[in-house]
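Below, each chain spelled out in residue letters.
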Amino acid sequence: MLLGEVHKARLICILIMEHMDKRTSTTYLLLLSLFALWAVLFSSCKNHENTQAPKVIALPVLTIKDASATTFQDYTAAIQGKTDVAIRPQVSGYLEQIYVDEGAYVTAGQPLFRIDEQPYRQQVNNAVANSHAADAAVTAAQLEVEKLEPLVENKVVSEVQLKTARAAYKMAVARAEQARAATGIARINMGYTTIKAPVSGYVGRLPYKKGSLVSNTDPTPLATLSDVKEVHAYFSMSETEFIRFRKQYTQDGKSAMPGATLMIADGSAYPEAGKVDMIDGQFDKTTGAITLRATFPNNDGILRSGNTGKIRIQQDYEHAILIPQQATTEMQDKLFVYILDSKNRVTKQLITVTGKAGTDYVLKSGIDKGSRIVSDGLDKLQEGMEVKPIDAGAAVTSK
């Protein structure tokens, strides 16, 4: 390269000499040759400086080892009261009275609504009258039988007439029983005009107002009553998570249901401890998940049906690979670490995690036991850069 630059300088000098006289050509040739040589040497030194190897920086490096760890896995949950009852009318009519307001707490047996009872009262009166008439018909049929019995004995009338009279008596008795049943139904229907709370709980929205015509065929209930002294939090697990869950909480062939913590909407932990007490009988074919239920006491009424939250369940690992959170970098919702090869050059490696244990991530996949990663100063790194490793700890342990 240096000889090529000198050759270029000589050519430049020859071109210049062609335009000069012989007396000054020798002097100018000497000066220009010296200048060209200096320029070439300067350029060569500068290029040599630019091609020097990049500086090697010293950074803490740790070797990955396995360790026991405890994580807390969160699952999105939907909360329902222990009992959610849709209050519907059993008879049709105009809504005459509403005894409660939205959001009120009511006790079992407390009146909630009243439907106009006048039509049903008249049905009761009519049924009672029919019952009395049927009873009278029974009496008349019985008298007819009693009248014919001695006449048949004395052979004044034929026995056929007595059999007919006895059949009429039985029919009268049956009609009397039907009348009494109709009376009972009429009284029940009239009783349905007052709608009472079947359980204690909180009243939901009231879509119907006083004077509305309601029916037992209406798609919208009069109200929804929620018993929230206890609440159920329903959540789902994937097949892989469920297998790990069952392995951890099965002792001597029997399932030992774990405790659960409920994280409510503001990010805080619900103060009452709960317990997983139900596992669905099968996986959902469309989602590949299975539903579980955790139950929590709710004596203070903090939780209501329709709340959302997260169920937090403890999971223990015997041989987990832990990576400090500070040793990871996040890009587009993905986690990466810088892993070192045998020549201490770094490569960015994608990892996936299953949860957190203190300030560490529990690794699911991405790197193996024995790998070396940079634990700090990640902002100084570039792909392929060589680093001088400083021991940052031989093992990563659970916090």
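Residues numbered from 1 in each chain as written. Predicted model: local features only at pLDDT ≥ 70, side-chain atom pairs only at ≥ 80, totals over all residues. Heavy atoms only, no water.

Chemist: Looking at this model, I keep getting lost on the sheet that holds strand β5 (residues 111-115). Mind explaining?
Modeler: Backbone hydrogen bonds hold the strands of a sheet together, and the pairing may be parallel or antiparallel. Strand order in the open sheet made by the four strands is β6-β5-β3-β8, with antiparallel pairing throughout. Pairing within the sheet leaves two strands with one partner each, and these edge strands are β6 (194-196) and β8 (213-214). The pairing of strand β3 (residues 93-98) with β8 spans two bridges and is antiparallel. Pairing of glycine 93 across the sheet is with valine 214, part of β8. (Pairing = 2+ DSSP bridges. Helix = DSSP H or I, 4+ residues; strand = E, 2+ residues; numbered from the N terminus.)

Chemist: Mind showing me how you'd approach the pattern of salt bridges here?
Modeler: Pairing is possible between side chains that carry opposite charge, provided their charged atoms lie close to one another. Applying the stated criterion across every chain yields a total of 10 salt bridges. Measuring nitrogen to oxygen at the nearest pair gives 3.8 Å for the salt bridge that ties lysine 82 to glutamate 230. Linking lysine 82 in strand β2 (residues 66-87) with glutamate 230 in strand β9 (residues 223-238), this pair joins segments that are 148 residues apart in sequence. Its relative accessible area of 48% is what places lysine 82 among the partly exposed residues. (Salt bridge = Lys/Arg side-chain N within 4 Å of Asp/Glu carboxyl O. Buried < 20%, exposed > 50% of the residue type's maximum accessible area, 1.4 Å probe, protein only.)

Chemist: Would you mind showing me how to read helix α3 (residues 118-153) here?
Modeler: Since one α-helical turn is 3.6 residues long, residues separated by three or four positions face the same way. Taking 1.5 Å as the rise per residue, α3 with 36 residues should run 52 Å; its terminal C-alpha atoms sit 53 Å apart, in good agreement. Taken as a whole, α3 has its buried residues at Tyr120, Val124, Ala127, Ser131, Ala134, Val138, Ala141, Val145, Leu148 and Val152. Along its buried surface, α3 packs onto α4 (159-191). The first or second residue beyond α3 is lysine 155, which carries a positive phi of 60 degrees. (Expected span 1.5 Å × (residues − 1). Contact = heavy atoms within 4.5 Å.)

Chemist: Can you help me understand the packing of α3 against α4 in this one?
Modeler: Each pair of packed helices gets described by two things: the angle between the helix axes and the distance between those axes. Running from N to C, α3 and α4 point in directions that differ by 165 degrees, and their axes come no closer than 8 Å. With respect to each other, α3 and α4 are oriented roughly antiparallel. Crossing hand, α3 versus α4: left-handed. Residues belonging to the contact of α3 with α4 are distributed by class as follows: 22 nonpolar, seven polar and nine charged. (Axes fitted to C-alpha atoms, helices over the stretch in contact; angles between N-to-C directions. Parallel < 35°, antiparallel > 145°, perpendicular 65-115°, else oblique. Left-handed = near helix turned anticlockwise from the far one by under 90°. Nonpolar A, V, L, I, M, F, W, Y, C, P; charged D, E, K, R; others polar.)

Chemist: Please clarify how unusual backbone geometry should be interpreted in this entry.
Modeler: Glycine aside, residues mostly have negative phi, and peptide bonds are mostly found in the trans state. Of note, the phi angle at aspartate 333 is positive, near 65 degrees, even though the residue is not glycine. With respect to the helices and strands, the residue aspartate 333 is situated in the loop between β16 (329-331) and β17 (334-340). The phi dihedral of asparagine 344 falls on the positive side, at around 65 degrees, and the residue is not glycine.

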